[in-house]
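Chain by chain, the residues run as shown.
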Amino acid sequence: MIENYSYFQNEAHKISHLLQTHEEVLILSHPNPDGDSMGASLALFLILNKLGHKVKVVVPNIYPSFLGWLPAIQNIIIYDKHERIVKKLIQQNSLIFCIDFNNLKRLNHLSNLFTENNHTYVLIDHHPDPDEYFDIKFHNIQVSSTSELVYELLVMMGLEDKIDVDVAMNLYVGIMTDTGSFSYSCNHPRTYEITSRLIAKGIDAQKIHNLIYDTFSEHRMRLLGHVLLNCMEVMPEYKTVYMWLSLEDQKKFHFQIGDAEGFVNYGLSIQGIRLAAFFTEKPELVRVSFRSKGNFSVNDLARKYFDGGGHLNAAGANSYKPLTETLRYFETIIKENELVLCQED
Ligand SMILES: [Mn+2]
């Protein structure tokens, strides 16, 4: 069970109470949806639906195609495609669940819709430093994923028996993807207790793994080869690797959203490397992903130098400089501050 159990039990009580007084519920998650944000949101959606609520799930932009099979995914409303509908939903719903992010600013242009203060916000999240304005925080940075927290919440609300195979599949995807298939954030026995309960609900874990990870198109596989061969700089003396993906190469390899997912992790597969960065050129900005090993905080790195953030070992940011300038900037930061060298193993 998660630490500080009574605190969470209190928050779970408050959430139960709120649900008793609100028929309509809006579930909201972060841009560039991932397995955890989608899995946790859809699991909650399915349960609240079963309880008789009128539930809507909104994500800011399109999710990657390898998540397209998730149970209940047809209920997802994408803000980029349905701006008017989402605007209306936000006006209509006073109870909003914020899933797998902890600052409305992270919603980019969608955050402008939350100007009036007539909402009750429930946070379910595992990122550090949540913003103040959440009315209820079901928040813990020790857990593997938000999906794990949703499971804990359901148990505390006495709803474990409502978890069917579809709910279990969504939660399992969240835990599996946020731990890189149980290769990081994976030292808590509780994660495996929960995983075990989910498998007992009748899911096929091997099949789920295949559906998520063995879905490369030929273009995507060749793009990976190209990036590793031609767009990767190794700085062994700084224990750092960085990779980049230009718009030109995206065109050449018929890039689809999500195609570079996980590429950054290959940097950490090199012996001795502690920090990996991946830079994806977009029309108006450069998207940056950081991954690290051990106690080197990419959350701090992203916050201090790129106005981004995330977790200790996984973080993201945007850069508004051109790609080559961004790469030089990154190299300079690492060299001048000897950032990764300073960290002990
Ligand atoms: Mn997460």
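If you're wondering where the values come from, they're calculated on a predicted model, not measured in any experiment.

Per the counting criterion, the structure on display carries 11 salt bridges. A salt bridge links lysine 14 to glutamate 11; the shortest N-O distance between them is 3.2 Å. You can see lysine 14 and its partner glutamate 11 sitting in helix H1 (residues 5-21), three residues apart, about one turn around the helix. For the salt bridge of arginine 197 with glutamate 160, the shortest nitrogen-to-oxygen distance reads 3.5 Å. Placement of the pair is arginine 197 in helix H6 (residues 189-200) and glutamate 160 in the loop between helix H4 (146-156) and helix H5 (165-178), with a sequence separation of 37 residues.

With 57 residues, the main nonpolar core has Ile15, Ile27, Ile76, Phe97, Ile124, Phe138 and Leu198 as its most contacted residues. Take this core: its biggest share by element is nine residues, from helix H2 (residues 35-50). Phe253, Phe263, Leu268 and Ala317 belong to the second largest nonpolar core, which has 40 residues in total.

Let us look at empty space enclosed by the protein. Taken as a whole and judged by the stated rule, the model has one cavity of 30 Å³ or more. What the largest cavity holds in volume is close to 30 Å³. Lining the largest cavity are Ile15, Leu19, Leu44, Ile47, Leu48, Leu51, Phe97, Leu153, Leu154, Met157 and Leu159. Put simply, the parts of the chain that give the lining of the largest cavity at least two residues each are H1, H2 and H4. Residue contributions to the lining of the largest cavity peak at three residues, all from H2. The class makeup of the residues in the lining of the largest cavity is 11 nonpolar, no polar and no charged.

Next up on the list: the domain arrangement of the chain. The domains assigned to the chain are domain 1 (5-213) and domain 2 (218-342). For domain 1 and domain 2, the distance between their C-alpha centroids amounts to 27 Å. Counting residues at the interface gives nine residues for domain 1, matched by eight residues for domain 2. For the pair domain 1 and domain 2, the two sides together bury roughly 790 Å², of which 54% comes from carbon and sulfur. Applying the counting rule to domain 1 against domain 2 returns one salt bridge.

A separate point is the pairing of strand E4 (residues 95-99). By the criterion of burial, E4 is predominantly enclosed, with five of the five residues buried. Direction of pairing for strand E1 (residues 24-29) relative to E4: parallel, over a ladder of four bridges. Paired with isoleucine 27 across the strands is phenylalanine 97, a residue of E4. Bridging between E4 and strand E5 (residues 120-125) involves five bridges; their strand directions are parallel. Looking across to E5, one finds that phenylalanine 97 is bridged to valine 122.

What follows covers the coordination of the manganese ion. Geometrically, a metal with four donors at the corners of a regular tetrahedron has ideal angles of 109.5 degrees, and one with six donors at the corners of a regular octahedron has ideal angles of 90 or 180 degrees. Coordination of the manganese ion by the protein involves Asp36 (OD), Asp100 (OD), His126 (NE2) and Asp178 (OD), with metal-donor separations of 2.1 to 2.4 Å. Each donor residue of the manganese ion lies on one chain, and together they are spaced D-x63-D-x25-H-x51-D. On the criterion of sequence distance, the pair formed by aspartate 36 in helix H2 and aspartate 100 in the loop between E4 and E5 is long-range, its members being 64 residues apart. Under the relative-accessibility criterion, aspartate 36 is labelled buried at 0%.

A few words now on helix H11 (residues 298-306). Every buried residue of H11 is accounted for by Val298, Asn299, Leu301, Ala302, Tyr305 and Phe306. Contacts from the buried residues of H11 go to strand E9 (275-281), strand E10 (286-292), strand E11 (309-310), strand E12 (314-319), helix H12 (323-337) and helix H13 (339-342). If you check the start of H11, you find a side-chain oxygen 3.4 Å away from the backbone N of asparagine 299, and it comes from serine 297. Within two residues after H11, aspartate 307 carries a phi angle of roughly 60°, on the positive side.

Right, let's get into the packing of H11 against H12. At their nearest, the axes of H11 and H12 sit 12 Å apart, and the two run at 115° to each other. Two packed elements cross with a definite hand, and for H11 against H12 that hand is right-handed. Here H11 contributes Leu301, Tyr305 and Phe306 to the contact with H12, which in turn contributes Thr326, Tyr329, Phe330, Ile333 and Asn337. Considering only residue class, the contact of H11 with H12 consists of six nonpolar, two polar and no charged.

Parameters at a glance
Every chain begins its residue count from 1, and numbering advances along the sequence as written. Only residues with pLDDT of at least 70 are given local features in this predicted model, and only at 80 or more are side-chain atom pairs given and counted; all residues enter the totals for whole chains, interfaces and linings. Hydrogens are left out, water is left out, and the side-chain values use all remaining heavy atoms of the structure. A pairing counts as a salt bridge when a side-chain nitrogen of Lys or Arg comes within 4 Å of a carboxyl oxygen of Asp or Glu. Put simply, DSSP marks the helices as runs of H or I at least four residues long and the strands as runs of E at least two long, and each gets a number from the N terminus on. What is meant by a nonpolar core is a set of buried Ala, Val, Leu, Ile, Met, Phe, Trp, Tyr and Cys residues, joined one to another through side-chain atoms within 4.5 Å. Relative accessibility decides the category of a residue: with a 1.4 Å probe and only protein chains considered, values under 20% of the type maximum give buried, values over 50% give exposed, and everything between is partly exposed. Note on definitions: the grid is 1 Å and covers protein atoms alone; a cavity is a set of points where a 1.4 Å probe fits but cannot get out; a pocket is an open set with protein on both sides within 12 Å along at least five of seven lines; lining residues have an atom within 4 Å of a point. Grid points are joined across faces, edges and corners, and a volume is the space filled by probe spheres set on the points. Charged means Asp, Glu, Lys or Arg here, nonpolar means Ala, Val, Leu, Ile, Met, Phe, Trp, Tyr, Cys or Pro, and polar covers whatever is left, Gly included. Domain start and end points were adopted from an automatic or database domain assignment. The contact rule is simple, with two residues in contact once any of their heavy atoms fall within 4.5 Å. Values labelled buried area give the accessible surface lost by two parts on being combined, using a 1.4 Å probe and summing over both. DSSP calls a pair of strands paired once it identifies at least 2 bridges connecting them. Sites may look incomplete because water is not among the atoms; the donors themselves are N, O and S atoms within 2.8 Å of the metal, or within 3.2 Å for Na, K and Ca. Here a polar contact means two N or O atoms within 3.5 Å. Within protein one must be a hydrogen donor candidate and the other an acceptor candidate, and residues neighboring in sequence count only if both atoms are side-chain atoms. Lines fitted to C-alpha atoms define the axes, with helix axes restricted to the stretch in contact, and inter-axis angles between N-to-C directions lie between 0 and 180 degrees. Note: crossing handedness is left-handed where the near helix turns anticlockwise from the far helix by less than a right angle, and right-handed where it turns clockwise.

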